[in-house]
Each structure stands twice: as C-alpha cells, then as structure tokens.
Amino acid sequence: MPFRRYRTLTPRSSLYAAATFYLSLLFVASSHSLEEAPEHPGSKVYQQHCAVCHDRPEETRAPSFDTLTQMTAGTITAALTSGKMVAQGNALNITQRSDLVGFLTAETEGDEWIASMRCDKSPARAINYDEVSVRGFGFDLRNQRNLTAAQAGFEGTELNQIELAWVMAFPGVTGMRSQPAIVDNMMYLPVAENAKVYAIDLENPESPCVHWVYESGSILRSGAAFGEQKNGRKIIAINDYNAAVHVIDATTGERLWKEQLGQFKLSLGTGTPAIHDGVVYVPVSQNEIMQGAIESYVCCSTHGMVVALDATSGERLWEAHTMEDAKPVRDRGDGQMLWGPSGAPIWNSPVIDDKRGLLYVGTGEATSAPAHKHTDAILAIELKTGKIVWSFQATANDIFLAGCAYRKTLNCEDDTVYLDVDFGASLILAEQANGKDILLGGQKSGTLWALDPDASLKEGKGIVQWQAQFGEGSPGGGIHWGIATDGNQVYAPINRAYPRGTKGPEKPGIHAVTLKDGKRQWTYQTQPNCDGPRANYVINCKNRLGFSGAPTIIEGAVVTGSIDGRLFGFDVKTGETLFEFNTAREFESINGIKARGGSIDNATIVATNGLLLVQSGYALFNQTPGNVLLAFKPSKK
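Residues numbered from 1 in each chain as written. Predicted model: local features only at pLDDT ≥ 70, side-chain atom pairs only at ≥ 80, totals over all residues. Heavy atoms only, no water.

> Now, about the sheet that holds strand S34 (residues 557-561): what can you tell me, with residues and values included?
The strand order across the open sheet formed by five strands is S2-S33-S34-S35-S36, and the pairing between neighbours is mixed. The open sheet is flanked by strand S2 (146-147) and strand S36 (577-582), the only strands paired with a single partner. Where strand S33 (residues 552-554) and S34 come together, three bridges link them in antiparallel fashion. Along S34, the bridge assignment pairs Thr552 with Val559. (Pairing = 2+ DSSP bridges. Helix = DSSP H or I, 4+ residues; strand = E, 2+ residues; numbered from the N terminus.)

> Can you explain the nonpolar core? Please cite residues and give values.
Among the nonpolar cores identified, the biggest contains 48 residues, and Trp113, Phe170, Leu567, Leu612 and Leu613 are the most heavily contacted of them. Once residues within four sequence positions are removed from consideration, Leu612 is found in contact with Phe154, Leu159, Ile554, Val559, Leu567, Phe579, Ile605, Val606, Ala607, Leu630, Ala631 and Phe632. In terms of nonpolar packing, the next biggest core, distinct from the first, is built from 19 residues, Leu440, Ala450, Ile483 and Val513 among them. (Core = buried A, V, L, I, M, F, W, Y, C linked by side-chain atoms within 4.5 Å. Buried < 20%, exposed > 50% of the residue type's maximum accessible area, 1.4 Å probe, protein only. Contact = heavy atoms within 4.5 Å.)

> If you had to explain the sheet that holds strand S23 (residues 377-382) to someone new, which residues and values would you point to?
The strand order across the open sheet formed by four strands is S20-S21-S23-S24, and the pairing between neighbours is antiparallel. What marks the edges here is a single partner per strand, and that holds for strand S20 (351-353) and strand S24 (388-393). Taking the axes of each pair of neighbouring strands and ignoring which way they run, one obtains an average angle of 20 degrees across the sheet. Here three bridges tie S20 to strand S21 (residues 358-362), and the two strands are oriented antiparallel to one another. Paired with Asp353 across the bridge in S21 is Leu358. (Axes fitted to C-alpha atoms, helices over the stretch in contact; angles between N-to-C directions.)

> An account of the pairing of strand S40 (residues 611-616) is needed here, citing residue identities and associated values.
The buried fraction of S40 amounts to six of the six residues, a majority that puts the element mostly inside the structure. Burial along S40 is two-sided: Leu611, Leu613 and Gln615 and Leu612, Val614 and Ser616, pointing in opposite directions, are all buried. Both strand S39 (residues 605-608) and S40 contribute to a ladder of four bridges, which runs antiparallel. The partner of Ile605 across the bridge, within S40, is Val614. Hairpin remark: S39 followed by S40, antiparallel, with two residues in the connecting loop; positive phi at Asn609, about 50 degrees. Relative to strand S41 (residues 628-634), S40 runs antiparallel, the two being bridged by five bridges. What sits directly across from Ser616, in S41, is Val628.

> Could you give an account of the confidence of the model for the protein, naming the residues involved and the relevant values?
Per-residue confidence for the protein gives a mean pLDDT of 89, with 89% of residues at or over 70. The model gives residues 1-37 a pLDDT under 50, and that stretch makes 80 contacts with residues more than four places away or in other chains. (pLDDT = per-residue confidence, 0-100.)

> Would you mind going over the pattern of salt bridges in detail, with residue names and values included?
All chains considered together, the criterion is met by 25 salt bridges. The salt bridge involving Arg233 is made with Glu254; its shortest N-O contact spans 3.8 Å. Taken together, the residues Arg233 in the loop between strand S8 (225-228) and strand S9 (234-239) and Glu254 in the loop between strand S10 (244-249) and strand S11 (255-260) connect sequence positions 21 residues apart. Overlapping salt bridges, with partners in common, bring together Arg142, Asp353, Arg356, Asp437 and Asp454 in one network. (Salt bridge = Lys/Arg side-chain N within 4 Å of Asp/Glu carboxyl O.)

Written as structure tokens, this is what we have:
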C-alpha cells in the first residue's frame with residue numbers, strides 16, 4: 001500500500017472531542033489536496049500492528065480495512081483507548097495512534113440532524129408505561145421474541161405486501177447491532193458505534209421525532225432493556241463495550257448511575273441486561289478469545305459472570321462467576337506460564353424464571369486449559385443469591401482462540417475439539433400445551449436443545465427433553481444470535497450449517513420445529529442472490545448468505561434477515577415466503593444523512609404502531625457495513 005490519500009479530521013461529538021484531547025490528536029490535513037500523496041505515516045502503523053487481523057476479517061472476526069475507513073475518528077480512538085482494541089492501543093505511542101486514526105478515518109456528516117428532528121411538543125406527551133411491547137432482548141422476560149398483532153399494529157400475514165415507509169441513517173456508523181426497547185410507541189434505540197441512545201417517538205408513524213439523546217461516552221454494545229426502580233421510576237439499562245452498565249431515566253434521558261462490572265481488563269459487555277423486581281441483571285462476556293492468539297499475550301485469565309445490581313442505587317447485590325479465578329497451569333515453552341481455567345463468557349441476555357426463582361444464561365467456550373464444566377453450557381442461577389444451582393454442558397473440551405485457526409502460537413492448545421460452539425443465542429422459557437415449561441437453547445453447533453426446568457432443578461443437573469440437529473454448525477453459527485417461539489413451534493435460523501470448506505445436506509436458512517418434541521415442520525434454505533448491483537455491493541455475495549440474527553414473530557409470521565442483507569417474512573404454519581426485501585443498497589433518508597444498508601445480524605427487528613422496524617448493516621466477520629433504520633408498513637394496495 002505505497003500511496004494513501006490524506007483525509008480531514010473534523011470533530012463530530014463530545015466523544016471525539018474527549019478522545020482527541022486525551023490523545024493530543026493534532027493531525028489536520030485540510031490543506032492537502034485530494035490528489036495522490038506520499039505514503040501516509042499511519043499506513044506503516046496499520047501494516048505493523050493491524051493488518052494481521054483486519055486484512056483477514058473472515059478468520060479473525062475483525063472489521064475489514066475498508067470497513068475501518070468508514071468509521072469516525074471517535075469510534076476508532078475509543079476502541080484503542082478504552083474499548084475492544086485497548087491492548088493494541090497501549091502498544092502504540094501518541095504519535096502512532098494519531099497517525100493511525102488519521103490514516104483510517106474520513107470526514108463524515110455530523111449530528112446537526114438531531115436538532116431538526118426534535119419532538120416539538122412542550123411539555124412532552126405522556127407515555128403510558130404499562131404498554132410495553134419490547135422489554136429487552138427477548139421482548140418479555142422469558143425471551144420468547146413473540147409480538148401480538150395488537151403490539152405490532154398489524155397481523156404478520158399482512159406482510160405479504162410491504163412498502164418502505166421511511167429510512168433513518170446514522171453518520172459514521174458501519175454496524176447496526178442493538179435492539180431497541182419499545183414502550184407505548186416510544187423506541188429506545190442504542191447505536192453502538194456513536195455511543196448514543198436515541199428515544200424516538202413513533203406516535204405518528206409517518207413522522208418520527210427525537211425525544212431525547214443519551215451520550216454514553218463509551219461505545220455501546222447491547223440492546224436496551226426497559227424496567228423500573230422500586231420507587232416506580234421508569235428506566236432504560238444498557239451494557240457497554242467495557243462491561244459497564246448505564247441506567248437512564250426513560251422520561252428524560254438523564255443518566256441515573258453507571259457501574260463498572262468487569263473483573264478483568266478484557267471483560268466485555270454484550271448481552272442485554274434484564275430488569276425485574278427492582279434489580280438489574282447484567283451478563284458479562286470477554287475479549288480474550290481474540291487477544292489470546294497474539295504471541296506476546298500471556299493467556300488466559302478472564303471468565304464470564306452475571307452481576308445483580310439494585311436498580312435504584314446501583315449497589316452490587318451479588319456476582320455469579322462461571323468458574324473460579326485462573327491460576328498458573330504450565331510453562332508455555334518460553335518461561336512464561338499459561339493460566340487456566342478461563343472462558344465461559346456470557347454473550348446472551350438472561351431469562352427470568354420468577355416461578356422457580358431462577359435466572360438462566362448460556363455460556364461460551366474455554367480459552368485455556370483445563371476446560372471448565374461451565375463452558376458451552378446452560379446455567380441456572382438463583383435470583384436472590386447468585387448461586388449456580390444446576391448446569392448442563394453441551395460440548396466438553398472446547399478450547400478456542402480465534403487466531404489459532406491460521407497461526408499457531410504458544411497459547412494455542414492441541415488437546416481440544418476446537419469448535420467455538422457456544423450458546424451465543426439467548427435462552428427461552430416457554431409454556432407447552434400441557435402447561436409444563438420447557439427451556440430452549442440454540443447452540444452454534446447447529447443444535448437446538450430443550451431441557452425440562454422442573455426435572456433439572458430436582459436432579460441438580462440439566463435434564464434434556466429433546467434435541468434437534470441442523471448440520472454440524474461452526475464458529476460463525478449454527479444457531480448464532482437467537483431463536484423464537486410462539487408457543488407452538490420454535491424457529492431456529494442457521495447461519496452456517498457446516499465448517500467452512502465442508503459440505504452436507506443442510507444449508508443456511510431457518511427451521512420450524514414443534515415445541516413439544518422438536519420435530520421439523522418446515523425448512524427454508526436460502527440461496528445466493530447476486531443479481532445486478534448486489535454482486536459488487538454485498539461482500540462475498542455468493543457465499544455469505546446465512547441467517548445469523550435473532551428472528552421476530554409477529555402473530556402469524558416470523559421475520560428474519562440474512563447476512564447478505566435480505567429481509568424475509570414467512571408464514572408460521574406453512575413456511576411460505578410472504579415477502580423478501582433487499583436492504584443491501586443505498587437509500588434516501590428522512591434525516592439527510594447518507595444512508596446505506598448491509599448485512600442484517602444480531603437482534604434488530606421489532607414492530608410497533610403499524611411499522612416493522614429493521615436495522616441493516618453489520619461490519620464484523622467481513623460482512624457488509626451499513627447505517628440504517630428501515631421502517632416498513634403493510635401495503636394498502
């Protein structure tokens with residue numbers, strides 16, 4: 001990369017300003033022309049410190065180089081100083097960091113649009129806080145991801161003809177990953193990269209307005225959770241990149257408190273909190289799976305946890321750790337010790353089982369030996385004490401570091417199944433036709449597990465009722481971010497059915513199985529669509545077409561998206577395709593920001609007041625970036 005254009009750095013937010021002051025980022029290139037210039041000094045920094053991961057995005061899960069160049073200086077600076085890339089950032093001096101940020105970032109639009117879209121009602125309209133349709137990741141505390149026609153404002157089968165109502169875009173953003181909470185047509189939308197939560201009023205579905213904006217000062221990662229303090233105050237809770245929970249007044253957007261939860265430097269906040277009976281329950285994951293394959297990094301000591309906090313004060317009530325603290329295990333071959341056990345991060349949002357006084361979460365892989373029994377497992381935790389009362393391990397000895405697949409280092413283990421088949425998807429507690437509950441868990445192995453919560457509690461271990469298998473799965477899915485149920489069937493999207501380079505009868509798509517016994521009712525297997533502009537717009541269009549994000553049920557239909565940017569609706573009874581819409585393209589936005597859709601991933605599909613709301617764009621795993629919130633409505637034709 002011998003030549004690079006100079007780019008102008010322009011302050012766009014308080015986050016950028018603070019980061020700029022902290023790093024003394026004084027590089028301004030406004031005097032340079034846009035002709036080809038001598039090699040930018042940041043190019044060498046990138047090649048020495050970043051290219052090994054960002055030039056191999058499919059293997060390392062890192063955003064590609066092209067995606068990095070679409071981010072703002074504030075986003076990259078925050079990642080290097082307090083976010084996911086802090087270890088790499090610490091290895092750079094101030095000049096190197098300045099050069100790197102200047103090399104990567106481009107000038108983007110600012111936040112002037114917010115003022116032009118402010119709600120003009122004074123005082124603000126009264127919100128009926130009893131009308132909660134999306135409380136958190138799973139919509140209800142059982143995580144079923146099921147909306148009634150009354151909650152959505154339309155029946156799912158009306159989606160056989162849809163039209164685009166409007167598009168809202170967010171500047172300097174390459175990924176839309178965070179599900180909003182919805183209360184009385186007020187949407188509380190976190191946008192991860194720009195570190196903001198937007199309260200968007202959809203009372204008039206044709207003309208949304210911005211009620212308030214919360215600036216977190218740190219990159220956000222989870223969805224929004226709605227609940228209340230014991231004094232009745234309504235709150236929103238968000239989990240940020242650094243495993244800190246932010247609790248916000250739902251009416252004003254004022255921060256009430258913030259609590260740092262992570263026990264380790266590489267602790268990470270990913271799962272959406274759950275709020276119940278005046279307590280905020282927050283899952284904690286970790287980033288050591290990415291750092292551990294770096295030769296200079298001594299691996300591994302981080303593990304997952306759930307923290308319960310008083311919703312009013314932020315006081316820590318208890319911590320439930322997935323394992324004991326790591327200890328030195330053996331010399332890794334250079335005089336430095338490998339540490340273990342480690343791993344079992346919790347990527348998903350908790351299920352609240354008020355009937356049994358339990359909370360359920362799924363865990364991820366081990367990152368060093370010995371692989372703990374709580375890795376790739378389902379855990380049942382007492383709501384009052386944080387005690388783990390039973391567990392079920394689906395896959396043993398799954399020790400995984402992302403880089404070990406392509407470059408062997410001293411931290412890489414030989415004695416491992418090396419699958420990375422964690423429970424990334426949030427669990428579901430559902431009621432069967434016979435009145436008995438069933439606990440569902442989707443695993444990246446391509447396995448859908450159904451456990452008996454009563455028998456499991458009685459026996460002190462997970463008791464499997466049935467399981468359904470959809471291929472062998474892979475690190476990128478199997479079942480990746482979520483499943484859904486309407487009480488009759490379970491809907492399991494499949495991102496990748498087999499490890500890369502292998503084949504089998506299953507393909508990416510979505511499966512509907514009976515809740516009672518897991519018998520398959522229908523399957524949709526997706527096929528590539530690279531017609532016209534999509535061939536060049538969608539990254540790796542012919543091969544990246546799985547269903548990775550969590551599906552959403554709207555009475556009579558299940559709606560889901562693919563990582564090649566297509567949105568689908570299916571009839572829940574027959575599997576018939578009700579609609580298909582290509583979001584991987586450019587749009588005209590109502591707020592004047594340049595808008596482009598991309599991959600649909602994580603958990604981004606909700607509905608309210610007659611609108612189907614979908615976020616498009618996801619830059620990780622070498623997927624197609626984007627920055628849009630799309631609003632659809634059933635066509636009246």
